[in-house]
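Spelled out from the first residue to the last, the chains are:
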Amino acid sequence: MSADPFKDLVSHCKEYGFIFQSSEIYDGLSGVYDYGSYGIELKNNIKSYWWKAMVQNHENIVGLDSAIMMHPEIWKASGHVDAFNDPLVDSKVSNKRYRADVLIEEALEKIMGKAEKEIEKARKRFGDDFVEEQYRRDNTRVAEYIQKHDEINQRFVDAMSKNDMVGLKAVIEELEIADPVSGSKEWTDVRQFNLMFHTQLGNIAGEEGKLYLRPETAQGIFVNFLNVQKTTRQKLPFGIAQIGKAFRNEIIARQFIFRMREFEQMEMQFFVQPGSEMKWYAYWKEARMNWHKALGTPESKLRFHDHENLAHYANAAVDVQFEFPFGFKELEGIHSRTDFDLKSHQELSGKKLQYFDPETNENYVPYVVETSIGVDRMFLAVLTNAYTEEEVPDAEGKESTRIVLKFPPALAPVKCAILPLLKNNDALTGTAREIFDDLKFNFLCQYDEKDAIGRRYRRQDAIGTPYCVTVDHQTLEDQTVTIRERDSLKQDRIPISKIREVVEAGISFRSLFQ
Ligand code: GAP
């Protein structure tokens, strides 16, 4: 493993056809990526896992595929025209552009990091006698770090919630934040930057023809709320799920596919009776965390992080954070969005967006609890968990180590490789082809006859194929093959007629839900 495991992961993605930089031959387009042949399979499987968990497993959640381009008034009603901004600041020396809130958050994390370091040292020193609460309170240095962090953080949260750009600049100065590139502390004023991309409709010039590329899929769900409710005869509580592209002109797109300008979201709006939203908020928090854990993600790599600075539409919000190679970051958001969106659309469009409740005989605008996860971020989380460099027991030379992607089998791009032991043996290749031609109707298989068997295994390990079937001389005698399991490297001999059953049992989504 190199000194930079994240770099290794990014290189692996390119080398093995998972992800390419968009427009690479023109030196790339920043913050935009293309998914290669194995990438698209993994991405589709992640979407399928989400769709099955949300729509297939819930009688009261239905799907939708709304258009990317929508009436521009939608973005006024949703608040995105006025409030979908990030605070921007430039270094006067390097001219590099940064998100002021990210710079501040990172500086605050560093202060807390110092306190945590002291606490860890003391824990080791005092062993079983260590009482963390007391140490946090009584150790002067730790108490000072925590106090400094809390005071500045409060000023930061206040400035963010009041859109106070002067206040944010003051926090940057107070924290003595330096430009990571030049080391300079000379900053421009902080100003708001709207993240929506826009384009022009037909031949209508100016503001009137201005169209936005959606920055979230959720609004397509809100404006179709009654269409879907009536056509599917759903009663509250019920949800609408959607997967689709979203676009944000991020000030700095970075960390590979973590922050992109064109990305994909999987969002679900759950419409509930006003007053019951906190119950459903708690339900979806737990349900979504379980969805992540079912993939075998270690619990230590997942955590909740409550929002201190609530978005304009929310009365409660939490992130599911995952420990990416660059630290714990948001993977998914769960938001209690109140009736903000439906009410705003009702007011601006003049069309009623109300639900008639047959139980109470009342019309009202429902409240909404939303779950929203980026497909690309989930892709990165799955890859991070899967990427393993390890020794192979009883192997020699180049074959003694391997890079293996230990995906949950249901998500693996290719499910089964069919490998004739020798290339120049018609009986072996013919039988292997027959097996491939039969299995291909059930799941994605690969036929590979090139190179020594060990190298072929390594190629399949590198793309995360859970099963390799080898056709050898014994196959021709007794119609059995060896089947190699990717993670344990265990090889079993089974009849050809059993391959499908074994693979299907291993790759089924059912096992994830159980
Ligand atoms: N409808 C609510 C909403 O869009 P969000 O927290 O802004 O909320 C939801 O975004 C999820 O979308 C995030 O948790 C993240 O997984 C993904 N996401 C947001 N911005 C992204 C970006 N620039 N690149 C990749 N994924 C992004």
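Focus: helix α12 (residues 340-349)
So, point 1. Listed as buried for α12 are D341, L342, S344, H345 and Q346.
So, point 2. Of the surrounding secondary structure, the elements contacted by the buried residues of α12 are α3 (73-77), α9 (218-223), α10 (225-232), β10 (262-272) and β13 (327-338).
So, point 3. Two residues or fewer after α12 comes G350, characterised by a positive phi angle close to 75 degrees.

Structural notes on the nonpolar core
Nonpolar side chains in soluble globular proteins tend to be buried together.
So, point 1. Membership of the largest hydrophobic core comes to 62 residues, with the highest contact counts inside it found for F18, I19, W50, I257, W284, F379 and F407.
So, point 2. Not counting chain neighbours up to four residues away, the residues in contact with W50 comprise A241, Q242, I243, M266, E267, M268, R288, W291 and I373.
So, point 3. In this structure, Y98, A107, L168 and W187 belong to the second largest nonpolar core, which totals 20 residues.

Details of the site of the ligand
So, point 1. Contacts to the ligand come from 22 residues, most closely from E216, E250, M260, E267 and E330.
So, point 2. At 2.8 Å, a side-chain N or O of R248 approaches an oxygen atom of the ligand.
So, point 3. Relative to its unbound accessible surface of 550 Å², the ligand loses 94% to contact with the protein.
So, point 4. Breaking the shell around the ligand down by element, the ones donating at least two residues are β10, β13 and β16 (367-374).
So, point 5. Per-element tally for the shell around the ligand: the top contributor is β13, with 6 residues.
So, point 6. Across the shell around the ligand, the residue classes break down as 7 nonpolar, 5 polar and 10 charged.

Here's the deal with the side chain of Q346
So, point 1. With respect to the secondary-structure elements, Q346 resides in helix α12.
So, point 2. Q346 gets classed as buried once you look at its relative accessible area, which sits at 17%.
So, point 3. If we skip the residues at most four places from it in the chain, Q346 touches K351, K352, L353, Q354 and V365.

Overview of the environment of G79
So, point 1. You can see G79 is positioned in the loop between α3 and α4 (80-83).
So, point 2. Separated by 262 residues in sequence, G79 and D341 place their C-alpha atoms 8.7 Å apart.
So, point 3. When residues no more than four places from it in sequence are discounted, the contact partners of G79 are F84 and H312.

Structural notes on helix α17 (residues 499-507)
So, point 1. Residues I499, V503 and I507 constitute the buried set of α17. Down the axis of α17, the smallest arc covering the buried residues is 40 degrees, so these residues share one side. The outward face of α17, more than 90 degrees from its buried face, is lined by the exposed residues E501 and A505.
So, point 2. Buried residues along α17 sit in contact with β19 (416-420), α14 (426-439), β21 (467-471), β22 (480-485) and β23 (491-495).

Some words on the sheet that holds β13
So, point 1. Across the sheet, which stays open at both edges, the 7 strands sit in the order β3-β9-β10-β16-β13-β12-β11 with mixed pairing between neighbours. Two strands lie at the open edges of the sheet, namely β3 (61-64) and β11 (302-306), each paired on one side alone. Averaged over all neighbouring strand pairs, the angle between strand axes comes to 25 degrees, with direction disregarded.
So, point 2. Against the sheet, helix α11 (residues 277-293) engages β3, β10, β11, β12 (316-324), β13 and β16, with an angle of about 150 degrees to β13.

So, the packing of aromatic side chains
So, point 1. Taken as a whole, this structure holds 27 aromatic pairs when the rule is applied.
So, point 2. A ring pair is formed by F324 and F326, whose centres lie 5.5 Å apart and whose planes are at 5 degrees; its orientation type is stacked.
So, point 3. The exposure class assigned to F324 is buried, which follows from its relative accessible area of 2%.
So, point 4. Note that R303 overlies the ring of F328, its terminal NZ or CZ placed 4.0 Å from the centroid.

Details of the packing of helix α1 (residues 5-15) against helix α13 (residues 375-386)
So, point 1. Orientation of α1 relative to α13, taken along the N-to-C sense of each, is 110 degrees, at an axis distance of 11 Å. As judged from the angle between their axes, α1 and α13 are roughly perpendicular. Within the contact between the two elements, α1 uses F6, L9 and C13 and α13 uses L380, L383 and T384.
So, point 2. Looking at the contact of α1 with α13, its residues break down into 5 nonpolar, 1 polar and no charged.

Procedures and definitions
Residues numbered from 1 in each chain as written. Predicted model: local features only at pLDDT ≥ 70, side-chain atom pairs only at ≥ 80, totals over all residues. Heavy atoms only, no water. Buried < 20%, exposed > 50% of the residue type's maximum accessible area, 1.4 Å probe, protein only. Helix = DSSP H or I, 4+ residues; strand = E, 2+ residues; numbered from the N terminus. Contact = heavy atoms within 4.5 Å. Core = buried A, V, L, I, M, F, W, Y, C linked by side-chain atoms within 4.5 Å. Near = heavy atom within 4 Å. Polar contact = N/O pair within 3.5 Å; in protein donor to acceptor, adjacent residues only side chain to side chain. Areas by Shrake-Rupley, 256 points an atom, 1.4 Å probe, with all protein chains shown as cover. Nonpolar A, V, L, I, M, F, W, Y, C, P; charged D, E, K, R; others polar. Arc of directions from axis to C-beta. Pairing = 2+ DSSP bridges. Axes fitted to C-alpha atoms, helices over the stretch in contact; angles between N-to-C directions. Phe/Tyr/Trp six-rings, centres within 6.5 Å; stacked < 30°, edge-to-face > 60°. Lys NZ or Arg CZ within 6 Å of the ring centre and 35° of its normal. Parallel < 35°, antiparallel > 145°, perpendicular 65-115°, else oblique.

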